[in-house]
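Descriptive structure summary
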Amino acid sequence: MSDYHIPVLLSEAIQGLQIRTEGTYVDCTFGGGGHSKAILERLGPEGKLIAFDQDQDASANVPADDRVLFVPQNFRHLSRFLRLHKVGPVDGILADLGVSSHQFDEGERGFSTRFEGALDMRMDQRQTLTAASVLTTYGEQELHKLFERYGEVTNAKTLAKRIVEARKLVALETISGFMQAVSNVVKGNPKKYFAQVFQALRIEVNDEMGVLKELLEQIPAALAPGGRVAFITFHSLEDRLVKNFFREGTFEDQPADDNPFEHRKHRSGLSVITRKPILPTEEEMKVNPRSRSAKLRIAEKL
Ligand SMILES: C[S@@+](CC[C@H](N)C(=O)[O-])C[C@H]1O[C@@H](n2cnc3c(N)ncnc32)[C@H](O)[C@@H]1O
């Protein structure tokens, strides 16, 4: 399992969920099952775990355990599938966002600049939109916006222009072909530059911001009073959505001079447990460098 993915902020997340032995828990991002395993270890025979993952590869990691129900779907459909399986309000929900090491390290999945392969980047192999189709079909403006917004690429406009020029001459279908086609607009350290470009494409292909918002909006109703939610994020765009939603029940930053007499607290129906996010220890970052950018936030249903 650790070849598939090393769970990040494992003990912190599990502790934050305050698992009750007879409770029902949801792991929205099963992956290699590291967090799920720790939840199961704390559940008694009456406990239940509903695990979502939209990647078909993850299903191979599901343990033979009667307490587990695996849902091979996007977590944006959380409430729908809980209803379908007649699961009432749950005691805890965990989401460990982004891609797994398995997805990142399998060259043919197209997530990493380290390998040659098709520009795919789909977490769910059933969907049709791929990174290659984004690069081939999106307009220059759309490309500009997505590289700026999701990758903070400093010359997003120039990159978008270059892509639109290049695709008239070559098919932008492979990792190396794409990197070569835009090599003359790379700014700064190429490794860092392409990491930002690839992050932006991945977020777009998997609609990561859209699905995160949809999931967050379903959390208050899906939790039983006193139930806990733990989210692990890996970049500031995700963390801001989680932070704002837990605090305010909205996704926008609230102005600091908002009327102090207006009772905004608990608009989300949640009470924030972590005023500041929990970060990995130095030791965890040393052992697992992929944990470096992780942030854990926990809230409780009122
Ligand atoms: C960071 S990994 C989770 C690793 C897991 N916690 C573990 O310990 O192995 C994220 C996983 O969530 C899945 N995932 C990401 N977004 C998803 C979504 N919107 N719906 C369902 N699964 C998703 C990915 O396919 C990936 O397997």
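In this text the structure is predicted, and so the values were computed from the model without any measurement.

**Comments concerning the overall build of the protein**
Looking only at helices and strands, the protein has twelve helices and seven strands in total. In summary, the protein has a C-alpha radius of gyration of 20 Å against a globular reference of 19 Å for 302 residues, a match within 12%. On the principal axes, the C-alpha backbone points of the protein span a range of 60 × 55 × 40 Å. The buried share among the 302 residues of the protein stands at 53%. Restricting to contacts in the protein with at least 6 residues of sequence separation, those with at least 24 account for 65%. For the protein, the accessible surface area stands at approximately 14,800 Å², while carbon and sulfur atoms represent 51% of it. In the protein, the 40 positive side-chain charges and the 42 negative ones have mean positions that sit 4 Å from each other.

**Notes on the packing of helix α1 (residues 10-17) against helix α2 (residues 34-42)**
It is at 10 Å that the axes of α1 and α2 come closest, and there the two elements cross at 45°. Accordingly, the angle class assigned to the pair α1 and α2 is oblique. Classified by chirality, the crossing of α2 by α1 is right-handed. Within the contact between the two elements, α1 uses Leu10, Ala13, Ile14 and Leu17 and α2 uses Gly34, His35, Ala38, Ile39 and Arg42. Tallied by class, the residues present in the contact of α1 with α2 amount to six nonpolar, two polar and one charged.

**Considerations on unusual backbone geometry**
Positive phi values are uncommon outside glycine, yet Gln18 reaches one of about 45°. Mapped onto the fold, Gln18 is located in the loop between α1 and β1 (24-27). The phi dihedral of Glu152 is positive, around 50°, even though this residue is not glycine. Note that Glu152 resides in the loop between α6 (140-151) and α7 (156-169).

**Here we look at the packing of aromatic side chains**
Across all of its chains, the model carries six aromatic pairs by this definition. Summarising the aromatic geometry, the rings of Phe30 and Phe70 are spaced 5.7 Å apart at their centres and angled 65° between planes, so their arrangement reads as edge-to-face. Here Phe30, found in the loop between β1 and α2, pairs with Phe70, found in strand β3 (residues 68-71); they are 40 residues apart in sequence, far enough to count as distant.

**A few points about the nonpolar core**
Counting 67 residues, the largest nonpolar core has Ile93, Leu143, Phe147, Phe178 and Phe231 as the members making the most contacts within it. The greatest single-element share of this core, amounting to eight residues, is contributed by helix α9 (residues 190-205). Counting contributing residues, this core receives three or more from each of domain 1 (10-101 + 208-301) and domain 2 (125-205). In terms of nonpolar packing, the next biggest core, distinct from the first, is built from 20 residues, Leu9, Leu43, Ala230 and Leu296 among them.

**Notes on helix α11 (residues 236-248)**
With 13 residues, α11 should cover 18 Å at 1.5 Å per step; its first-to-last C-alpha distance of 17 Å lies within 8% of that length. Buried within α11 are the following residues: Leu237, Glu238, Asp239, Leu241, Val242, Asn244, Phe245, Phe246 and Glu248. Just past α11, the residue Gly249 takes up positive phi, approximately 75°.

**Comments concerning the site of the ligand**
Neighbouring the ligand are 24 residues; His35, Asp53, Phe75, Asp96 and Gln103 lie closest to it. Between the ligand and Gly32 there is a distance of 2.8 Å, counted from an oxygen atom to a backbone nitrogen or oxygen. The side chain of His35 places a nitrogen or oxygen atom 2.8 Å from a nitrogen atom of the ligand. Considering the ligand on its own, with 610 Å² of exposed area, one finds that the protein chains cover 99% of that surface.

**Remarks on the domain arrangement of the protein**
Domain assignment breaks the protein into domain 1 (10-101 + 208-301) and domain 2 (125-205). For domain 1 versus domain 2, the distance between C-alpha centres works out to 30 Å. Contacts between the two partners involve 13 residues from domain 1, matched on the other side by eight residues from domain 2. When domain 1 packs against domain 2, close to 870 Å² is buried across both sides, 38% of that on carbon and sulfur atoms. The largest contributions to the domain 1 side of the interface with domain 2 come from Gln56, Glu208 and Leu237, which together make up 49% of the buried area. One can count one salt bridge joining domain 1 with domain 2. In this structure, Glu208 engages Arg202 in a salt bridge whose closest nitrogen and oxygen atoms are separated by 2.8 Å. Inspection of the region where domain 1 meets domain 2 yields six residue pairs in polar contact (both at pLDDT 80 or more). Of all the secondary structure elements, the ones that give two or more residues to the side of domain 1 that touches domain 2 are α10 (208-222) and α11.

What counts and how
Each chain carries its own residue numbering, running from 1 in the written order of its sequence. Given that the model is predicted, a residue must reach a pLDDT of at least 70 before its local features are reported, and side-chain atom pairs must reach 80 or more before they are shown or counted; all residues, however, enter totals for whole chains, interfaces and linings. Each side-chain value is worked out from all heavy atoms of the structure, with water and hydrogens disregarded. Here a strand is any run of E in DSSP of at least two residues, a helix any run of H or I of at least four, and the numbering for each starts at the N terminus. Only the C-alpha atoms count toward the radius of gyration. The rule for a globule is 2.2 Å times the residue count to the power 0.38. The rule is simple: take the accessible area with a 1.4 Å probe, protein chains only, and divide by the maximum for that residue type; under 20% is buried, over 50% is exposed, in between is partly exposed. In this analysis, two residues are considered to be in contact whenever any of their non-hydrogen atoms come within 4.5 Å of each other. Where accessible areas are quoted, they stem from the Shrake-Rupley method and a 1.4 Å probe; at the residue level, only the protein chains shown are allowed to cover. Here the positive residues are Lys and Arg and the negative ones are Asp and Glu; neither His nor the chain ends is included. Lysine's charge is taken at NZ, arginine's at CZ, aspartate's at CG and glutamate's at CD. All axes here are fitted lines through C-alpha atoms, helices being fitted over the stretch that makes contact, and every angle between N-to-C directions spans 0 to 180 degrees. Our angle categories are set so that under 35 degrees counts as roughly parallel, over 145 as roughly antiparallel, 65 to 115 as roughly perpendicular, and the remainder as oblique. Left-handed describes a crossing whose near helix is turned anticlockwise from the far helix by less than a right angle; the clockwise case is right-handed. We call Asp, Glu, Lys and Arg charged. Ala, Val, Leu, Ile, Met, Phe, Trp, Tyr, Cys and Pro are nonpolar, and the rest, Gly among them, are polar. Two aromatic rings from Phe, Tyr or Trp, using only the six-membered ring of Trp, form a pair when their centres are within 6.5 Å; if the ring planes differ by under 30 degrees the pair is stacked, by over 60 it is edge-to-face, and anything between is tilted. What makes a nonpolar core is a set of buried Ala, Val, Leu, Ile, Met, Phe, Trp, Tyr and Cys residues whose side-chain atoms join them at distances within 4.5 Å. Marked domain ranges trace back to an automatic or database domain assignment. To estimate how far a helix should reach, multiply one less than its number of residues by 1.5 Å. When we say a residue is near a molecule or strand, we mean one of its heavy atoms is within 4 Å of it. Each polar contact in these results corresponds to two N or O atoms within 3.5 Å; when the atoms are within protein, one needs to be able to donate a hydrogen and the other to accept it, and residues that are neighboring in sequence are counted only if both atoms are side-chain atoms. For any pair of parts, buried area is found by adding up, for both, the accessible area (1.4 Å probe) each one loses once the two are put together. In the sections that follow, a salt bridge refers to a side-chain nitrogen of Lys or Arg positioned within 4 Å of a carboxyl oxygen of Asp or Glu.

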